Amino acid sequence: MTRVLHIIDGTISRDAAWQLELLVAEGDDMVSVDPPPAWWPAHLPARSEHVPLGMASLCGRRLTAVAWRADIVHAWSLRAAEAAAEAARGAVRPGVVSLPCVPTGHDLRRALNAPGFAGLHLTVPTRSARAALLEAGGFDDRIHVLPAPARVPDDTAERRRRIRAELGVSDDEALVVAPGEMTHTAGHMYASWAHAIVRHIRPGLRLLLPGGGAAFRHVRFFAGTTGFDEEVFLPGERVGLDDALAAADVATFFAERDNGTAALVRALASGVAVTACRTRDVCELTDDGRAALLVRRRMPRDYASAVLELVENSARRKALVAEGLTVAGEHAPERCRRALEAIYEAAAGVRCGLNA
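A brief look at the structure comes next. Owing to the predicted nature of the structure, the values given are computational and were not obtained by experimental measurement.

**A closer look at unusual backbone geometry**
Outside of glycine, negative phi angles account for most residues, and trans bonds account for most peptide bonds.
Turning to step 1, where the next piece is worked out: With a phi angle near 60°, leucine 53 is a residue other than glycine that sits in the positive phi range.
Turning to step 2, where the next piece is worked out: Here leucine 53 shows up in the loop between strand E3 (47-49) and helix H2 (56-62).
Turning to step 3, where the next piece is worked out: The exposure class of leucine 53 is exposed, given its relative accessible area of 75%.
Turning to step 4, where the next piece is worked out: Positive phi outside glycine occurs at aspartate 155, with the angle close to 50°.
Turning to step 5, where the next piece is worked out: Tracing the backbone shows aspartate 155 in the loop between strand E7 (143-145) and helix H7 (156-167).

Given below as structure tokens:
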């Protein structure tokens, strides 16, 4: 079994955390550049490391001794990758950095061209994302596809009963959830907008916006302006991803661009009907709409129409759920771990630092 040093930091995405909890192996070590984020799950202990002068690369030099005890160094954010590159180079170990999606602007240039990153292998969650990185100038032998893992949660029926009871949602009411991390392009405000439009047509519809993120305050403010804020739940960290999906009837992913796939594949595995915007990663993961009701981006009327259709059309929901479970089978944790082991083997072919 490959011994891995996982490196995270305070800016890590929830997408990465949702992947790590299903991919980390017993015996792996995990450290955080500065303290991990406040929401970091307690069952993924990450030892905080001092960052001299606030420079992650200097932290990486301090981690060289830890990297010596590992076979590979795996970073889960671009800032963590700065530390991973130094630690891997100092310990003469291969290095990998996982990206939740194709970055844009400065982050894209940083991932492909930053000094010190030349020895790192990159992973992205879909073939189309890999193709985009190659078009942007990435090297074919250093970019790999690591599908986001998903499993069917235990005790789904009990989770559903418990969470809906805590929220005060009856069996006769429909619950829509927007389960992704709250970023400014993730579409949570569109979910509130769609909920308000449908509520003018149909009573008994509630909206759950669990977790948090950089856009949490904006999402909370917007939800309070729709006139149906009493029917929108923002429980923060009190309701986790699996619980939220178990309680829901419909999951929405109205993102303006790709920003991660872990929540989507977990929604498919949880047996909840999904509606999502047509983005590159979403189209690939849903078999171009066979496993989800896809809509155009930035079109609130389309979003509301999709939510209304899935809430009222049980046959459509069941058909999408069946296709979604088939797709989710390809993302079983065991399959994703095997894919990750293959990536580690490929990365070991070029030691980090030998041609950096």
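What follows picks up the thread again.
**Observations regarding the packing of aromatic side chains**
The description of two aromatic rings rests on the distance between their centres and on the angle between their planes.
Turning to step 1, where the next piece is worked out: Using the criterion set out here, one finds 5 aromatic pairs in the structure.
Turning to step 2, where the next piece is worked out: Measuring from ring centre to ring centre gives 5.8 Å for tryptophan 39 and tryptophan 40, while their planes differ by 45°; the resulting arrangement is tilted.
Turning to step 3, where the next piece is worked out: Of the residues examined, tryptophan 40 reaches a relative accessible area of 10% and is grouped as buried.
Turning to step 4, where the next piece is worked out: Taken together through their ring pairs, the aromatic side chains of Tyr190, Trp193, Phe222, Phe254 and Tyr303 make up a single cluster.

**Details of the pattern of salt bridges**
Once the charged atoms of two side chains with opposite charge are near each other, the side chains can pair.
Turning to step 1, where the next piece is worked out: Tallied over the entire structure, the rule returns 30 salt bridges.
Turning to step 2, where the next piece is worked out: With a shortest N-O distance of 2.5 Å, glutamate 21 and arginine 266 are connected by a salt bridge. With a gap of 245 residues between them, glutamate 21 in helix H1 (residues 14-23) and arginine 266 in helix H11 (residues 262-269) connect regions that are remote in the sequence.
Turning to step 3, where the next piece is worked out: Relative accessible area serves as the criterion here: at 22%, glutamate 21 is assigned to the partly exposed category.

**What about the layout of surface pockets?**
Turning to step 1, where the next piece is worked out: By volume, the largest pocket amounts to about 970 Å³.
Turning to step 2, where the next piece is worked out: Around the largest pocket, the lining comprises 47 residues; the ones closest to its centre are Ser13, Pro100, Cys101, Thr183 and Asn259.
Turning to step 3, where the next piece is worked out: Among the elements of the structure, H1, helix H4 (78-91), helix H5 (105-113), strand E11 (250-253), H11 and helix H12 (280-285) are those that each provide at least two residues to the lining of the largest pocket.
Turning to step 4, where the next piece is worked out: When grouped by side-chain class, the residues that make up the lining of the largest pocket number 22 nonpolar, 17 polar and 8 charged.
Turning to step 5, where the next piece is worked out: Reported here for the second largest pocket is a volume of approximately 540 Å³.
Turning to step 6, where the next piece is worked out: What lines the second largest pocket is a set of 23 residues, and nearest its centre among them are Trp18, Glu21, Gly240, Leu241 and Asp242.
Turning to step 7, where the next piece is worked out: Looking at the lining of the second largest pocket, the elements with two or more residues in it are H1 and helix H10 (241-247).
Turning to step 8, where the next piece is worked out: Considering each element in turn, the lining of the second largest pocket owes the most residues, 4 residues, to H1.
Turning to step 9, where the next piece is worked out: Across the lining of the second largest pocket, the residue classes tally to 10 nonpolar, 5 polar and 8 charged.

**Some remarks on the pairing of strand E1 (residues 4-9)**
Turning to step 1, where the next piece is worked out: Burial within E1 is extensive, with 6 of its 6 residues counted as buried.
Turning to step 2, where the next piece is worked out: Of the two faces of E1, the one carrying Val4, His6 and Ile8 and the one carrying Leu5, Ile7 and Asp9 are both buried.
Turning to step 3, where the next piece is worked out: As paired elements, E1 and strand E4 (residues 72-75) share 4 bridges and run parallel to each other. The residue bridging isoleucine 7 from the neighbouring strand is alanine 75, located in E4.
Turning to step 4, where the next piece is worked out: Both E1 and strand E2 (residues 29-33) contribute to a ladder of 5 bridges, which runs parallel. Paired with leucine 5 across the bridge in E2 is aspartate 29.
Turning to step 5, where the next piece is worked out: Note that the unit made of E1, H1 and E2 has a crossover that is right-handed.

**Overview of the pairing of strand E5 (residues 95-98)**
Turning to step 1, where the next piece is worked out: Along E5, one buried face is formed by Gly95 and Val97 and the opposite face, lined by Val96 and Ser98, is buried too.
Turning to step 2, where the next piece is worked out: Bridge count for E4 against E5 is 3 bridges, and the pairing is parallel. Of the residues in E5, the one forming a bridge with alanine 75 is valine 97.
Turning to step 3, where the next piece is worked out: Handedness of the crossover is the feature at issue here: the chain leaves E4, passes through H4, returns alongside E5, and the resulting connection is right-handed.
Turning to step 4, where the next piece is worked out: Summarising the sheet, E5 and strand E6 (residues 120-124) pair through 4 bridges and their orientation is parallel. Of the residues in E6, the one forming a bridge with valine 97 is leucine 122.

**Points about the state of the cysteines**
Turning to step 1, where the next piece is worked out: Enumeration according to the criterion identifies 0 disulfides in this entry.
Turning to step 2, where the next piece is worked out: The thiol sulfur of cysteine 101 is not disulfide-bonded, and the nearest other cysteine sulfur, from cysteine 277, lies at 15 Å.
Turning to step 3, where the next piece is worked out: Residue class for cysteine 101 comes out buried when judged on its relative accessible area of 10%.
Turning to step 4, where the next piece is worked out: Note on cysteine 277: no disulfide assigned, nearest cysteine sulfur contributed by cysteine 283 at a separation of 10 Å.
Turning to step 5, where the next piece is worked out: On the basis of relative accessibility, which here comes to 1%, the residue cysteine 277 falls in the buried class.

Thresholds, definitions, all that
- Residues numbered from 1 in each chain as written.
- Predicted model: local features only at pLDDT ≥ 70, side-chain atom pairs only at ≥ 80, totals over all residues.
- Heavy atoms only, no water.
- Helix = DSSP H or I, 4+ residues; strand = E, 2+ residues; numbered from the N terminus.
- Buried < 20%, exposed > 50% of the residue type's maximum accessible area, 1.4 Å probe, protein only.
- Phe/Tyr/Trp six-rings, centres within 6.5 Å; stacked < 30°, edge-to-face > 60°.
- Salt bridge = Lys/Arg side-chain N within 4 Å of Asp/Glu carboxyl O.
- 1 Å grid on protein atoms, 1.4 Å probe; cavity = no way out; pocket = protein on both sides within 12 Å on 5 of 7 lines; lining within 4 Å.
- Points joined across faces, edges and corners; volume = space filled by probe spheres on them.
- Nonpolar A, V, L, I, M, F, W, Y, C, P; charged D, E, K, R; others polar.
- Pairing = 2+ DSSP bridges.
- Right-handed = clockwise from strand over helix to strand, strands pointing away.
- Disulfide = S-S within 2.5 Å.

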